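Coordinate analysis (summary)
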Amino acid sequence: MPRRKWEIPEREATDEAVYLNRRKFLRGAGLGTIGLISGCIPDRLLQPTDLLDPKPFLGIEDREPIPPDQWYPAPVNPDFSTLDRPLTDEEIAGLYNNFYEFTTTKEVWKYIDKFEPSPWTVEIAGLVNEPRTWDIDDLVGRMDLEERLYRHRCVEAWSMAIPWTGFPMKALIDQVEPLSSARFVRMTSFFNPSVAPGQWDRPDFPWPYVEGLSMAEATNELTLLVTGIYGHALPTQHGAPLRLVTPWKYGFKGLKSIVRIEFVEEQPATFWNTEAPHEYGFLSNVEPEVPHPRWSQASERFISTSLSSFERRDTLLYNGYEEYVAHLYA
Ligand code: MTE
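Keep in mind the model is a prediction, meaning the values are calculated, not measured.

1. Looking at the packing of aromatic side chains
- Inspection of every chain in the model, using the stated rule, returns 25 aromatic pairs.
- Measuring from ring centre to ring centre gives 5.2 Å for Tyr96 and Trp158, while their planes differ by 80 degrees; the resulting arrangement is edge-to-face. A residue pair is termed long-range when its members are at least 10 positions apart, and Tyr96 in the loop between α4 (90-93) and β1 (121-126) and Trp158 in strand β4 (residues 158-168) qualify at 62 residues.
- Taking relative accessible area as the criterion, Tyr96 reaches 15% and is therefore assigned buried.
- Relative accessible area serves as the criterion here: at 4%, Trp158 is assigned to the buried category.
- With a centroid separation of 5.7 Å and an interplanar angle of 75 degrees, the aromatic rings of Tyr150 and Tyr321 are classed as edge-to-face.

2. Points about the environment of Arg243
- Of note, Arg243 is situated in strand β9 (residues 243-245).
- By relative accessible area, which is 3% here, Arg243 ends up buried.
- Distance in space between the C-alpha atoms of Arg243 and Leu225 is 5.8 Å, their sequence separation being 18 residues.
- In this view, Arg243 contacts His152, Trp164, Leu224, Leu225, Val226, Leu234, His238, Gly254, Leu255, Lys256, Ser257 and Ile258; residues no more than four positions away in its chain are not counted.
- Within the local environment of Arg243, its side chain forms a polar contact with the backbone oxygen of His238, the two atoms lying 2.9 Å apart.
- At 3.4 Å, the side chain of Arg243 and the backbone oxygen of Gly254 are in polar contact.

3. Side note on the sheet that holds strand β5 (residues 184-189)
- In spatial order, the strands read β2-β1-β10-β5-β6; together these five strands make up an open sheet with mixed pairing. Either end of the sheet is taken by a strand with one partner, and the two such strands are β2 (132-135) and β6 (210-214). Between one strand and the next, the sheet's axes are offset by a mean angle of 15 degrees, whatever the strand orientation.
- Against the sheet, helix α6 (residues 169-176) contacts β1, β5 and β10 (258-264), and its axis sits at roughly 60 degrees relative to β10.

4. Observations concerning a negative patch on the surface
- A surface patch of like charges, here negative, comprises Asp79, Glu221, Glu322 and Glu323.
- Structurally, Asp79 is set in the loop between α3 (48-52) and α4.
- By relative accessible area, which is 44% here, Asp79 ends up partly exposed.

5. Topic: the pairing of strand β3 (residues 146-153)
- Among the eight residues of β3, eight are classified as buried, and the element is accordingly described as predominantly covered.
- Side chains Glu146, Arg148, Tyr150 and His152 project from β3 onto one buried face, and the interleaved Glu147, Leu149, Arg151 and Arg153 project onto a second face that is buried too.
- As paired elements, β3 and β4 share eight bridges and run antiparallel to each other. For Tyr150, the partnering residue across the bridge sits in β4 and is Ile162.
- The turn linking β3 back onto β4 is made up of four residues, and Ala157 within it adopts a positive phi angle of 70 degrees.

6. Comments concerning α6
- Where α6 is concerned, the buried positions are Met169, Leu172, Ile173, Gln175 and Val176. Down the axis, α6 shows its buried residues gathered within 160 degrees of arc, on one side only.
- Of the residues trailing α6, Glu177 is marked for its positive phi of about 55 degrees.

7. Observations regarding empty space enclosed by the protein
- Applying the stated criterion to the full structure yields two cavities of 30 Å³ or more.
- What the largest cavity holds in volume is close to 80 Å³.
- Along the walls of the largest cavity sit 13 residues, with His152, Val245, Thr246, Pro247 and Gly251 positioned nearest its centre.
- Of all elements in the fold, only β3 and β9 reach the threshold of two or more residues within the lining of the largest cavity.
- For the lining of the largest cavity, the residue count by class is five nonpolar, four polar and four charged.

8. A closer look at the environment of Tyr280
- Tracing the backbone through its elements, the reader meets Tyr280 in the loop between α9 (271-275) and β11 (299-302).
- Sequence-wise, Tyr280 and Tyr250 are 30 residues apart; in three dimensions their C-alpha atoms are separated by 9.6 Å.
- A polar contact is formed between the side chain of Tyr280 and the side chain of Glu279, at a distance of 3.5 Å.

9. What about the layout of surface pockets?
- Put simply, the second largest pocket is a space of about 440 Å³.
- Forming the boundary of the second largest pocket are 25 residues, of which Asn98, Phe99, Tyr209, Gly251 and Phe252 lie nearest the centre.
- Where the lining of the second largest pocket is concerned, the elements lending two or more residues are β4 and α9.
- Of the residues assigned to the lining of the second largest pocket, the class counts are 15 nonpolar, six polar and four charged.

10. As for the site of the ligand
- The ligand sits among 17 residues. The nearest are Tyr100, Glu101, His152, Arg243 and Lys256.
- Note that a nitrogen atom of the ligand is positioned 2.7 Å from one of the side-chain N or O atoms of Glu101.
- Contact with the protein chains hides 98% of the accessible area of the ligand, taken as 540 Å² for the molecule alone.
- A molecule is said to occupy a pocket when more than half its atoms come within 2 Å of that pocket's grid points, and by this definition the ligand occupies the second largest pocket.
- Per-class residue counts for the shell around the ligand are six nonpolar, eight polar and three charged.

Each value, and the rule that gives it
- Residues numbered from 1 in each chain as written.
- Predicted model: local features only at pLDDT ≥ 70, side-chain atom pairs only at ≥ 80, totals over all residues.
- Heavy atoms only, no water.
- Phe/Tyr/Trp six-rings, centres within 6.5 Å; stacked < 30°, edge-to-face > 60°.
- Helix = DSSP H or I, 4+ residues; strand = E, 2+ residues; numbered from the N terminus.
- Buried < 20%, exposed > 50% of the residue type's maximum accessible area, 1.4 Å probe, protein only.
- Contact = heavy atoms within 4.5 Å.
- Polar contact = N/O pair within 3.5 Å; in protein donor to acceptor, adjacent residues only side chain to side chain.
- Pairing = 2+ DSSP bridges.
- Axes fitted to C-alpha atoms, helices over the stretch in contact; angles between N-to-C directions.
- Patch = residues over 30% accessible without salt bridge, like charges linked within 9 Å, V, L, I, M, F, W, Y side chains within 5 Å.
- Areas by Shrake-Rupley, 256 points an atom, 1.4 Å probe, with all protein chains shown as cover.
- Salt bridge = Lys/Arg side-chain N within 4 Å of Asp/Glu carboxyl O.
- Lys, Arg positive; Asp, Glu negative; His and termini not counted.
- Charge placed at Lys NZ, Arg CZ, Asp CG, Glu CD.
- Arc of directions from axis to C-beta.
- 1 Å grid on protein atoms, 1.4 Å probe; cavity = no way out; pocket = protein on both sides within 12 Å on 5 of 7 lines; lining within 4 Å.
- Points joined across faces, edges and corners; volume = space filled by probe spheres on them.
- Nonpolar A, V, L, I, M, F, W, Y, C, P; charged D, E, K, R; others polar.
- Near = heavy atom within 4 Å.
- Sits in = over half its atoms within 2 Å of the grid points.

Next up, the structure:
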């Protein structure tokens, strides 16, 4: 399997002295965990004034938004730059999706032509000091985007390996200042049957699609708000323009096309937990020894280069992210 650009560790792609200097600079700018592949440095990181006088993280209000045509490719976070499996081919990942707003089949790409991910707004609401409705470009352009390779595990026992681009949800939460009474984050997707035929066909489903996390889960290092995939903006079938990714949980927790992020006191009712509570719990962490009521979760069908041939792999506890999240459930 040839290496793809995002799999090359920076140590190999860049002269060591340059690499070490760059890391030093990033630490000074408050970005110590983010490594860069040559040629992927956003302009704002290269301003000479930044090099001489590293600034602490500014409030998002004080930042100038970077325009969307400069978002990709984002720097690769070296902590998530390799995996124990090859990445799934981009074409395959885009042909096999779950997005019930459009269809209950996997061929979501056939039903998306009426959907427009731009213009788009995201409302930050509920128990926060700074409730506000953001234009998506204005919000995302102020965040530090990074690329991470994550395992992606569906509750249906198939899996992929995907390079996502986004920003940690914690970075946004720190900015909007939730009140101490906020215990959960409730996230909502769009409702518009005129562009989403699945919402029209299945009025019995509890639309809109809602998901939720505890505050500890939402601020976990792994939790990403995602705008891109394979080094470019998300296509509609993957959840444009903004989706959630929580790689230690089953994929249905990662709601697509978010319109609202709300801070609440009570555990929110979620789409799948409302539709089939005996099959889909609120937590829904990947746990090989906890079977779905209708099938085993001990192994998974890993999809990489073809939809018809696949590799069977043992399921990993918390999808292999035990070191990051086990303490949350101890
Ligand atoms: N988000 C919305 N709004 N609607 C959906 O039907 N499906 C979920 C999740 N997010 C879904 C959603 C499920 S079941 C999975 S496995 C993942 O999206 C699939 O993400 P992918 O198509 O990018 O692989």
